[in-house]
Number of protein chains: 2
Amino acid sequence: MNSRTTENYLKAVYRHSRANSSGNVSLGIIAGDLGVTPGTVTQMMKHLSGRDLVVYESRRGAALTDSGERAALDIIRRHRLIELFLVEVMGLDWADVHDEAEELEHVVSDRLIARMDEMLGHPARDPHGAPIPSASGVLKSGQTRRLAECETGTYRLIQVTKETSGFLEWLSEYKFFPGSIFDLHHIDSMGGTLSLGLSGQNKKIVMSIEAAGSLLVEEAG
Amino acid sequence: MNSRTTENYLKAVYRHSRANSSGNVSLGIIAGDLGVTPGTVTQMMKHLSGRDLVVYESRRGAALTDSGERAALDIIRRHRLIELFLVEVMGLDWADVHDEAEELEHVVSDRLIARMDEMLGHPARDPHGAPIPSASGVLKSGQTRRLAECETGTYRLIQVTKETSGFLEWLSEYKFFPGSIFDLHHIDSMGGTLSLGLSGQNKKIVMSIEAAGSLLVEEAG
DNA sequence: ATCAAAGTTTAGGTTTTGATAACTATAAGT
DNA sequence: ACTTATAGTTATCAAAACCTAAACTTTGAT
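Visitor: I keep staring at the packing of helix H1 (residues 4-17) of chain A against helix H4 (residues 66-88) of chain A and nothing clicks. Help me out?
Guide: When two helices pack together, you describe them by how their axes are tilted relative to each other and by the distance separating the axes. Residue and element names in this part refer to chain A. Interhelical geometry of H1 versus H4 gives an angle of 100° and a closest axis separation of 9 Å. It follows that H1 is roughly perpendicular to H4 by the angle criterion. Residue-level inspection shows Glu7, Leu10, Lys11 and Tyr14 of H1 in contact with H4, the latter providing Glu69, Ala71, Ala72, Leu73, Ile75, Ile76 and His79. Looking at side-chain class alone, the contact of H1 with H4 contains 7 nonpolar, 1 polar and 3 charged residues.

Shown next as structure tokens:
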């Protein structure tokens, strides 16, 4: 079994290995993410390397092995199923479930996870639109774009990648959720803002391009 | 916050402080219960004493303080609500929920516990019939008797105190659950068995008096 | 070639939990 | 009362799981 800390390191490596094309994560990034000193990460990577969870070459960064990736996807699956369970079955607000899931993901048994999956009808996405890995460790993410990088046009919100409760609450005030269809009206790149309107609503939403970096969308005819 | 281990010690002290009339638990009993050596318990009691969770006098045993009892009842409340939630909402078998709850009780947030309580309609008892302490830390247990100490007559099963999955499965085979009404037909004190029949069923149940020690009943009719 | 940034190493520390084993107090029997 | 058995205590040690500090080494860029 992996300790809670180990699981969190695996998640962190996984998160950042998307960014770099090589799939190698520089350890400083992990250190920054987890709030520990670089030396701690070096040690931990050696440890994980000994357990065959990461491949780690000195100063070259780290990448997950197959079994490391399986472990990471398993935790992510747990996390996302738990989040969805808390929202759908227990009626919690989507802005509140992240921290709870962060704890529970390390503790809930496989059987209970399987039961949640069943109760939720083998869902594809969590409340924030993040895809849920299958039990066998397959994650399918459709092709989406960051709203921050889109031209004006009509889009569907697919996923919110920043799970700060403040930001999520702000989105709910506009009833702007994954699935929502909207028009990106105007981009003010000098002012650093963009404005959009939800279909079927008059109110205009203005947000920073920076914030729009955490909204993943797809084109909607 | 209390660590998982601390919480388990508190539960153990609570469990055994019912038995002794003085409310003082001898440390050897805790050691046996938790599977650690006596020295470890002494140390731990000093530690808990320093945190004002138990009152501990050398060689006199330990008892919970008010705040220790509050903490213990809080964990017991969590445990029992979680068990009931797993059975009622998630459809798990009553024989399977103990271990899961044993893990979750240390991790689930207060908010989630409150939500479970609400979803379950502020239940009074867990799936094994054990009373659930209120959020304010009040535990009301009706007056029950051990089946092992009853004369022949008609009774209602209130609580099963031994949560071994084997025993619970055995009870379910007879559909013998908390709430079931039955006739205690015959007591064979020499053979060490008793036999009873569930109302509305013909099959007779024979069990050891020892096993009947973990069934709490009240007179019915 | 030099320098800054990034990463590594070493040595050490904390917390939490536990064991061992010698010692001591208490209670019980003769 | 004296011995013995039982239970509990003490002091010491240990190990796992984390982490830091700070000096040192690469690496890549200017």
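Alright, that's what it looks like, and here's the rest.
Visitor: Explain helix H2 (residues 27-34) of chain A to me, please; I cannot follow it from the model alone.
Guide: The α-helix advances 3.6 residues per turn, and as a result positions three or four apart in sequence lie on the same side. All names here are of chain A. Of all the positions in H2, only Leu27, Ile30 and Ala31 are classed as buried. Taken down its axis, H2 places every buried residue within 100° of arc, on the same side. Turning to H2, the residues buried within the fold contact H1, helix H3 (38-50), strand E1 (54-57) and strand E2 (61-64). Just downstream of H2 lies Gly35, where phi reads positive at about 70°.

Visitor: Got a minute to help me understand the packing of aromatic side chains in this structure?
Guide: The geometry of an aromatic ring pair is captured by two quantities: the separation of the ring centres and the angle between the planes. Counted by the stated rule, this structure contains 11 aromatic pairs over all chains. Centroid distance Trp170(A) to Tyr174(A): 5.1 Å. Interplanar angle 70°. Geometry classified as edge-to-face. With a relative accessible area of 25%, Trp170(A) lands in the partly exposed category. Centroid distance Phe167(B) to Trp170(B): 6.1 Å. Interplanar angle 10°. Geometry classified as stacked. Of this pair, Phe167(B) and Trp170(B) both sit in helix H7 (residues 165-173), separated by 3 residues, roughly a single helical turn. Looking at Phe167(B), the relative accessible area reads 9%, which means it is buried. Geometry around Phe167(A) places Lys162(A) over its ring, the cationic atom sitting 4.9 Å from the centre.

Visitor: I keep staring at the pairing of strand E4 (residues 153-160) of chain B and nothing clicks. Help me out?
Guide: As a general feature of sheets, a regular strand has side chains that alternate between the two faces. Residues and elements named next belong to chain B. Note that E4 and strand E5 (residues 181-188) share 4 bridges and pair antiparallel. Across the sheet, residue Thr154 finds its bridge partner in E5, namely Asp183. Here E4 pairs with strand E8 (residues 215-219) via 5 bridges, running antiparallel. Within E8, the residue paired with Val160 across the bridge is Leu215.

Visitor: Is there a simple way to explain the pattern of salt bridges in this structure?
Guide: Should the charged atoms of two oppositely charged side chains come close, the side chains can pair. Residues and elements named next belong to chain A. Considering all chains together, one arrives at 24 salt bridges over all chains under this definition. Across the salt bridge formed by Glu151 and Arg145, the nearest N and O atoms sit 2.6 Å from each other. Of the charged contacts in the structure, one is a salt bridge between Arg145 and Glu219, with a shortest N-O distance of 3.3 Å. Of this pair, Arg145 sits in strand E3 (residues 145-146) while Glu219 sits in strand E8 (residues 215-219); the two residues are 74 residues apart in sequence, bridging distant segments of the chain.

Visitor: What am I meant to see in empty space enclosed by the protein here?
Guide: Empty space among the atoms becomes visible once a probe the size of a water molecule is rolled across them. Here the structure, examined in full by the defined rule, presents 1 cavity of 30 Å³ or more. Considering only enclosed or pocket space, the largest cavity measures out at about 130 Å³ in volume. Lining the largest cavity are 15 residues, and of these Phe85(A), Leu104(A), Met116(A), Leu104(B) and Met116(B) lie nearest its centre. Looking at the lining of the largest cavity, the elements that each hand over two or more residues are H4 and helix H6 (110-119) of chain A together with helix H4 (66-88) and helix H6 (110-119) of chain B. The greatest single-element share of the lining of the largest cavity, amounting to 3 residues, is contributed by H4(A).

Reading the values: rules and limits
- Residues numbered from 1 in each chain as written.
- Chains lettered and ligands numbered in written order.
- Predicted model: local features only at pLDDT ≥ 70, side-chain atom pairs only at ≥ 80, totals over all residues.
- Heavy atoms only, no water.
- Axes fitted to C-alpha atoms, helices over the stretch in contact; angles between N-to-C directions.
- Helix = DSSP H or I, 4+ residues; strand = E, 2+ residues; numbered from the N terminus.
- Parallel < 35°, antiparallel > 145°, perpendicular 65-115°, else oblique.
- Contact = heavy atoms within 4.5 Å.
- Nonpolar A, V, L, I, M, F, W, Y, C, P; charged D, E, K, R; others polar.
- Buried < 20%, exposed > 50% of the residue type's maximum accessible area, 1.4 Å probe, protein only.
- Arc of directions from axis to C-beta.
- Phe/Tyr/Trp six-rings, centres within 6.5 Å; stacked < 30°, edge-to-face > 60°.
- Lys NZ or Arg CZ within 6 Å of the ring centre and 35° of its normal.
- Pairing = 2+ DSSP bridges.
- Salt bridge = Lys/Arg side-chain N within 4 Å of Asp/Glu carboxyl O.
- 1 Å grid on protein atoms, 1.4 Å probe; cavity = no way out; pocket = protein on both sides within 12 Å on 5 of 7 lines; lining within 4 Å.
- Points joined across faces, edges and corners; volume = space filled by probe spheres on them.

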